[in-house]
Amino acid sequence: MAKEEYVPVTGDDWYQRRREDAEGEFFRRVANQGPRKGDGGGTRQGIYMFTASGKLLAYKNAGQAPEVMRDVLRQGLAEWKKLPAAQRRPGAVRVEDVDRLDRHYVRTPPAGGLILSVFARALDRDEHGALCDASCKVGGGNEASRDHVWLTEADWKSLVPADAQKGDKIALPRRVAERIARFHLIDNTRGEPPFWRREDIRTLDLGLTVAEATADRLRLRLEGSALLATDPDASRAERGYDARLLGYLSFDRARQRFDHFDVVAVGQHWGEGTYTRGARPGRTPLGIAFELAAVDAGDANVPPQAARELDAYLAQ
Amino acid sequence: MLSRRTWSALVVLAICHGSQTLLAGDAISPDEFDKLHALIKPKPAEEKWTEIPWMTGLWQARQRAAAEGKPILLWEMDGHPLGCT
């Protein structure tokens, strides 16, 4: 139904409710017909069904209740079909191109940059002590989270050592290591996560070893650890992550691009944030996996969650 | 002296500890890398919603809906539905 009967689209309400351009105004005009009018700058999140002209057909914020959403989708279609045929036919509404975007609230991937997908999952141990998927309630960390990492052209080029020889070791450039640690070694399995402050980085030791260096290929192994904690004494910190990392990167010298960027972080996580309540008690395993984003995937241009504060995210 | 049952328990514990991986502070074994990477990534059952061809631009969706004569379904969350949590 969503695929055939509707034009399905997603949005991050943090941007949409703030945008001062035609798209933001259109969204708010639609949302103001429903129960969430964003009073005081509050959220307008939910699932909306509306016409291209901006008439709200149905609204519900129950994304984790599929049977409820199915009913609302049907309700939206029923309202759509009540409209005169002249309003529903293709071309009945003209929507011109927009000539101005609110640059404060529009994010585009850095030119020439590299995009990684990153997933986090609550883990547990099976009866043999091996890591396995944790059993959590729906919405409480039962699925992998997803986000993107943005590396600028200068960032990824800094990972490719000049005149590399097998066995060479280099430290991961600090700005890349900090971006990964502060904004991506996080528990976002239950909602919007708090990010680590720079002072929360208690230790951060990430290095690259040249595993193979030929005329046309460079293979790198990424290894290291990170201790992130909200208190200098990690044993007293309300929130923390003590992680080990391992990864394998492969760089095609002829095409001047990475074709593998697989990294895993595993460690003990504890604590929660304002929008990530319901953490498991104590210190529990959290796994994070990185890989190259599929460039043809529809979601590849979705910005990192932390890119709302873009300058801080890309800080040198 | 330890009973047979206690010895058995200790042997079981030793076996379990021997196969236990990645205790706090342990490095990740290269032998486990692929398995861990796959374990953490979304499972097929967690990706059913990606079968819907979600667009990411509201204005472009509006133009398409107008051209095709369809209503719009907007999934609007704090934290992008395709990129956060």
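A quick note: this is a predicted structure, and the numbers were derived from the prediction, not measured. (Residues numbered from 1 in each chain as written. Chains lettered and ligands numbered in written order. Predicted model: local features only at pLDDT ≥ 70, side-chain atom pairs only at ≥ 80, totals over all residues.)

Chemist: Quick question: what am I supposed to make of the interface of chain A and chain B here?
Modeler: How big an interface is tends to be reported as the loss of accessible area on association of its parts. Each side of the interface is counted separately: chain A has 71 residues, and chain B has 51 residues. In terms of residue count, strand β1 (residues 7–12) of chain A provides more of the side of chain A that touches chain B than any other element does, six residues in total. Here five bridges tie strand β2 (residues 46–50) of chain A to strand β1 (residues 72–77) of chain B, and the two strands are oriented antiparallel to one another. Within β1(B), the position partnered with A:Gly46 by the bridge is B:Glu76. (Contact = placed C-beta atoms within 7 Å. Helix = DSSP H or I, 4+ residues; strand = E, 2+ residues; numbered from the N terminus. Pairing = 2+ DSSP bridges.)

Chemist: Whenever I open this one, the sheet that holds β1(A) confuses me. Can you help?
Modeler: Backbone-to-backbone hydrogen bonds join strands into a sheet, with any given pair of strands oriented parallel or antiparallel. Overall, mixed pairing links the four strands, which are arranged β1(A)-β1(B)-β2(A)-β3(A) in an open sheet. Of all the strands in the sheet, the pair left with one neighbour each is β1 and β3 (56–60) of chain A. Strand-to-strand twist across the sheet, computed as the mean angle between neighbouring axes with direction ignored, equals 20°. Pairing analysis gives six bridges linking β1(A) to β1(B), with the strands arranged parallel. The partner of A:Thr10 across the bridge, within β1(B), is B:Trp75. Along the sheet face, helix α3 (residues 58–68) of chain B touches β1 of chain A together with β1 of chain B and points at about 165° away from the line of β1(A). (Axes fitted to C-alpha atoms, helices over the stretch in contact; angles between N-to-C directions.)

Chemist: So what exactly am I meant to see when it comes to unusual backbone geometry here?
Modeler: Most peptide bonds are trans, and most residues other than glycine sit at a negative phi. All names here are of chain A. Of note in this structure, Asp163 is not a glycine but carries a positive phi near 50°. Unusually for a residue other than glycine, Gln256 sits at a positive phi of about 50°. Within the fold, Gln256 resides in the loop between β10 (240–252) and β11 (257–270).

Chemist: Would you mind showing me how to read helix α6 (residues 174–184) of chain A here?
Modeler: Count 3.6 residues to each turn of an α-helix, and residues three or four apart come out pointing the same way. Taken residue by residue, α6(A) has A:Ala177, A:Arg179, A:Ile180, A:Ala181, A:Arg182, A:Phe183 and A:His184 as its buried positions. In the core, the buried residues of α6(A) are packed alongside β4 (114–125), β6 (145–151), β8 (201–213), β9 (217–229), β12 (284–292) and α7 (310–313) of chain A. (Buried ≥ 20, exposed ≤ 12 C-beta atoms within 10 Å, placed from the backbone.)

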